[in-house]
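Here is what each chain is made of, one letter per residue.
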Amino acid sequence: MKQRFGRVRATATVLVAWGVLVGGGLADGGRAAAAGHGIERTDAVRVAPGVTYAEFRMRLPRGIVHGHLLTVDLSDRDVSVDLLHPRAVAERAPVSELADDEDVVGAVNGDFFDISETRHPGVAVTGAAVGPAVASGRELKGAVPNGQRFGPVLPPGATTEDVLTVGRDHRARLDRLALRGTVRSAGGSWRLRGLNQYALPVGGIGAYTPAWGPVSRERAVCGTDTNRSAGCTKDTAEVTVRRGRVATVGRRPGKGEIASGSVVLLGREAGARLLRTLRVGERVRIGHRLVGQRPGRPRFAVGGFPIVRNARPAGGLNTVAVTMRTSVGIADRGRKLYLMATDGEKGRHQTGLTVRELAELMVRLGAREAMDLDGGGSSTFVSRDPDDRELRVRNHPTTSTGRERPVANAIGVFSTG
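Residues numbered from 1 in each chain as written. Predicted model: local features only at pLDDT ≥ 70, side-chain atom pairs only at ≥ 80, totals over all residues. Heavy atoms only, no water.

All right, on to the nonpolar core then. Grouped together as the largest cluster of nonpolar side chains are 75 residues, with contacts concentrated most on Leu164, Ile307, Leu337, Met362 and Ile411. The dominant element in this core, judged by the number of residues it contributes, is helix H3 (residues 355-365), at six residues. Apart from residues lying up to four places away in sequence, Leu164 is in contact with Ala172, Arg173, Leu174, Phe300, Ala301, Val302, Val328, Ile330, Leu337, Met371 and Ile411. Core analysis: the second largest hydrophobic core is formed by 16 residues, Val95, Leu98, Ala107 and Val382 among them. (Core = buried A, V, L, I, M, F, W, Y, C linked by side-chain atoms within 4.5 Å. Buried < 20%, exposed > 50% of the residue type's maximum accessible area, 1.4 Å probe, protein only. Helix = DSSP H or I, 4+ residues; strand = E, 2+ residues; numbered from the N terminus. Contact = heavy atoms within 4.5 Å.)

This is how it looks when you write it as structure tokens:
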């Protein structure tokens, strides 16, 4: 798909008249709102049944915030939301490429991810996401330890296990997904502490499936639970289990494609010492699942951290760092979803948002709950043009080239109507 930037054209089906949104509704007669308290919004354009697109502007003392909004009606059974992701967990791609499917009508970038390893020379950057990921009901990965995450400092009470999910009931909700897993052999039963993660807890054992991809697993034994930049441990072991039996036992993390029917177990410190007790040919059973705090298993899940609860900004949100932002909001008891990304277009006195301002914005847009997703140069918003049905990048990413940054995953909106 060719990458195209720009706003929707002004046609009979696309109206660009600006109204003023105050407290979730258009002000009577289009009267201007007080500075810092009003949002000007274009008329919503129907992208597909149950999905509309609009632009908005919010004025702040330091400049104008320009953003893009996709509103999704999950009560429409022709509409669904799922995780868009590359072929492998340890891989990245631009949102427009991830969304290049005839049924995708819109998408925004998703979770924070392993983007740089300058503190670990020679260690491959994995590009893998921070939090849990579920696509079409398939559990792709678990959450890295809190201290190993990329992105802004977590607000009080938030963890890397925080996710947005959509269940088989078509309801969106904020939840937490914790990994529950075991490795069983004749020698005992051990707790599994990781699933396709770029970082493992100190002393833990992680499982890597064919979904991980060919990238080296060495990054998983670098850093600690509280310090992402700490060095890489040499006390490691790696075991390949093929069709339920130990096929190989090694001392260092490996790389390369993991064959179908195989699982690689990687351990560090105490976990490595346990794995070194296994012998080639020994039977091993590996079981795991992601368990939420809400009932039911999610069909889709993406990581981030909560910024709005019960239509109020969460406590302890950052009020200093200003950048482009991406967010997802929930309303109408999970029946409505808002996908939002701000625009990084230069030369128009535009500004970014702090996390606290982002939370306030999502409340004004109508969200009762909302989550912060990856921002800065990762912020990307694509939607399908209602006239020619082409997918277009609507915002202007703030990368050094002005083009999309490859990301670990995205939230995709599908419509079969």
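The rest of the description comes next.
What follows is about the state of the cysteines. Counting across every chain of the model gives one disulfide. The partner cysteine of Cys222 in its disulfide is Cys232, sulfur to sulfur 1.9 Å. Around the S-S axis, the bridge from Cys222 to Cys232 shows a dihedral of about 95° and counts as right-handed. Taken together, the positions of Cys222 in the loop between strand E15 (205-208) and strand E16 (236-242) and Cys232 in the loop between E15 and E16 put the pair ten residues apart, joining distant regions of the chain. Classification of Cys222 as buried rests on a relative accessible area of 0%. (Disulfide = S-S within 2.5 Å.)

On a regular strand, each side chain points to the face opposite its neighbour's, so the side chains alternate between the two faces of the sheet. For strand E8 (residues 104-109), a buried count of six out of six residues is recorded, marking the element as mostly surrounded by other parts of the structure. Summarising the sheet, E8 and strand E26 (residues 381-384) pair through three bridges and their orientation is antiparallel. Residue pairing in the sheet places Val108 in a bridge with Phe381 of E26. (Pairing = 2+ DSSP bridges.)

Summed over all chains, the structure comprises four aromatic pairs. Judged by centre distance (5.7 Å) and plane angle (45°), the rings of Tyr53 and Phe381 are tilted. Of this pair, Tyr53 sits in strand E5 (residues 51-60) while Phe381 is found in strand E26, placing the two residues 328 residues apart along the sequence. We classify Tyr53 as buried; its relative accessible area is 4%. Centre to centre, the rings of Phe112 and Phe305 are 6.3 Å apart; their planes meet at 15°, and the pair counts as stacked. In this pair, Phe112 is assigned in the loop between E8 and strand E9 (133-135) and Phe305 in strand E21 (residues 305-309), connecting sequence segments 193 residues apart. Residue classification places Phe305 among the buried residues on the basis of a relative accessible area of 1%. A cation over a ring is seen here: Arg149 above Phe112, with NZ or CZ 5.2 Å from the ring centre. One cation-aromatic arrangement involves Arg228 over Phe150; the distance from NZ or CZ to the ring centre is 3.8 Å. (Phe/Tyr/Trp six-rings, centres within 6.5 Å; stacked < 30°, edge-to-face > 60°. Lys NZ or Arg CZ within 6 Å of the ring centre and 35° of its normal.)

A few words now on a negative patch on the surface. A surface patch of negative charge is lined by Glu97, Asp100, Asp101, Glu102 and Glu390. For Asp100, a relative accessible area of 46% gives the class partly exposed. (Patch = residues over 30% accessible without salt bridge, like charges linked within 9 Å, V, L, I, M, F, W, Y side chains within 5 Å. Areas by Shrake-Rupley, 256 points an atom, 1.4 Å probe, with all protein chains shown as cover. Salt bridge = Lys/Arg side-chain N within 4 Å of Asp/Glu carboxyl O. Lys, Arg positive; Asp, Glu negative; His and termini not counted. Charge placed at Lys NZ, Arg CZ, Asp CG, Glu CD.)

Bringing the sheet that holds E15 into the picture now. Strand order in the open sheet made by the five strands is E14-E15-E18-E16-E17, with mixed pairing throughout. With partners counted over all chains shown, the strands left at the sheet margins are strand E14 (194-195) and strand E17 (245-250), one partner each. Relative to E15, E14 is paired through two bridges, and the arrangement is parallel. Following the sheet pairing, Leu195 is matched in E15 by Ala207.

Strand order in the open sheet made by the five strands is E7-E28-E8-E26-E27, with antiparallel pairing throughout. Looking at which strands have only one partner, the edges of the open sheet turn out to be strand E7 (79-84) and strand E27 (391-393). This sheet shows a mean twist of 20° between the axes of neighbouring strands, independent of strand direction. As defined by bridge partners, E8 adjoins strand E28 (residues 410-415) across five bridges and the pair is classed as antiparallel. Looking across to E28, one finds that Ala107 is bridged to Gly412. (Axes fitted to C-alpha atoms, helices over the stretch in contact; angles between N-to-C directions.)

A few words now on the pattern of salt bridges. For the coordinates displayed, the defined rule picks out 20 salt bridges. The shortest N-O distance in the salt bridge between Arg268 and Glu269 comes to 2.9 Å. The closest approach of N and O atoms between Arg392 and Asp385, which form a salt bridge, is 3.6 Å. A relative accessible area of 2% places Asp385 in the buried class. Each of Asp385, Asp388, Arg392 and Arg394 takes part in one network of salt bridges that share partners.

What follows deals with the confidence of the model for the protein chain. On average, residues of the protein chain carry a pLDDT of 91, and 90% of them reach 70 or more. Ignoring residues within four places in sequence, the model shows residues 1-17, a span with pLDDT below 50, making 48 contacts including any to other chains. (pLDDT = per-residue confidence, 0-100.)

With that out of the way, let us pick up unusual backbone geometry. A positive phi angle, close to 50°, is found at Asn196, a residue other than glycine. Among the residues examined, Asn196 registers a relative accessible area of 1% and is labelled buried. Of note in this structure, Asn310 is not a glycine but carries a positive phi near 50°. In this structure, Asn310 sits in the loop between E21 and strand E22 (312-313). With relative accessibility at 59%, the residue Asn310 sits in the exposed group.

Moving on, we come to the environment of Thr248. Here Thr248 is to be found in strand E17. Taking the C-alpha atoms as reference points, Thr248 and Leu278, separated by 30 residues in sequence, lie 9.5 Å from one another. The contact partners of Thr248, leaving out residues within four places of it in the chain, are Glu238, Val239, Thr240 and Val280.

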